Amino acid sequence: MPLVSRKGILAIAAVIDIALYARGRPVSAKALAARHELPPRHLEPVLQALVRDGILKGIRGPHGGYELAREQKLITAEDILRSAGRAEDADDLPLPNSALVNDVVRPALAGAERTFSAALGQINVEDMISRSRTQRSLPSEPQ
């Protein structure tokens, strides 16, 4: 059961790609799109959302592009996914096709999805109702 949208996978891949390839120079959306076999127009809404949320910094001009807005260790997958969730016009993105996505991003997310799915499998309605009653959120008996 995939828990991360295509937009989320694209956002994580974009941030990792920029961290890998920036090397003191901004990474252009065109170069990023080419590495992931996507048209740049699919990438822009996600990149702009990441800029708005302070994960990336957009640099204008002929040698412009994107770079990380803060240290790598201060950017979490949760930050990236939350930002990607706010990206406009990016719901029908094709899944990026690159070694970074296939060999790094997808396996990492698959582990998280398995863990999350297992945790969800341990939660049942009866337990939640019982907890609700102990928290006094619901009446003791149904009416």
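Residues numbered from 1 in each chain as written. Predicted model: local features only at pLDDT ≥ 70, side-chain atom pairs only at ≥ 80, totals over all residues. Heavy atoms only, no water.

S.K.: Can you help me understand the nonpolar core in this one?
M.R.: General note: in soluble globular proteins, nonpolar side chains tend to be found buried as a group. With 31 residues, the main nonpolar core has Val15, Ile18, Leu32, Leu47, Leu50, Leu56 and Ile80 as its most contacted residues. Going through the elements one at a time, helix H1 (6-21), helix H2 (29-35), helix H3 (40-52), strand S2 (65-68), helix H4 (77-85) and helix H5 (99-121) are the ones with two or more residues in this core. For this core, the element with the highest residue contribution is H1, accounting for eight residues. Those residues in contact with valine 15, other than ones at most four positions away along the chain, are Leu50, Ile55, Leu56, Leu68, Ile75 and Ile80. (Core = buried A, V, L, I, M, F, W, Y, C linked by side-chain atoms within 4.5 Å. Buried < 20%, exposed > 50% of the residue type's maximum accessible area, 1.4 Å probe, protein only. Helix = DSSP H or I, 4+ residues; strand = E, 2+ residues; numbered from the N terminus. Contact = heavy atoms within 4.5 Å.)

S.K.: Honestly, the side chain of aspartate 17 in this entry has me stumped. Any pointers?
M.R.: Here aspartate 17 shows up in helix H1. Among the polar contacts listed, one links the side chain of aspartate 17 to the side chain of arginine 35, at a separation of 2.7 Å. Once residues lying within four places of it in the same chain are set aside, the contact partners of aspartate 17 are Val27, Leu32, Arg35, His36 and Leu100. (Polar contact = N/O pair within 3.5 Å; in protein donor to acceptor, adjacent residues only side chain to side chain.)

S.K.: Explain unusual backbone geometry here, please?
M.R.: The phi torsion of most residues other than glycine is negative, and most of the peptide bonds are trans. With a phi angle near 40°, arginine 23 is a residue other than glycine that sits in the positive phi range. Its location among the elements puts arginine 23 in the loop between H1 and H2. Its identity is not glycine, yet glutamate 37 carries a phi of approximately 55°, on the positive side. Note on placement: glutamate 37 falls in the loop between H2 and H3.

S.K.: It is not clear to me how the pattern of salt bridges should be interpreted in this structure. Could you clarify?
M.R.: Opposite charge on two side chains allows them to pair when their charged atoms are near. In total, this model carries five salt bridges according to the counting rule given. Taking the shortest distance from any N to any O, the salt bridge between glutamate 67 and lysine 57 comes out at 3.3 Å. Of the two residues, glutamate 67 is situated in strand S2 and lysine 57 in strand S1 (residues 56-59); the sequence distance between them amounts to ten residues. Of the charged contacts in the structure, one is a salt bridge between glutamate 78 and arginine 82, with a shortest N-O distance of 2.8 Å. Highlighted residues: glutamate 78 and arginine 82, both in helix H4, separated by four residues, approximately one helical turn. (Salt bridge = Lys/Arg side-chain N within 4 Å of Asp/Glu carboxyl O.)

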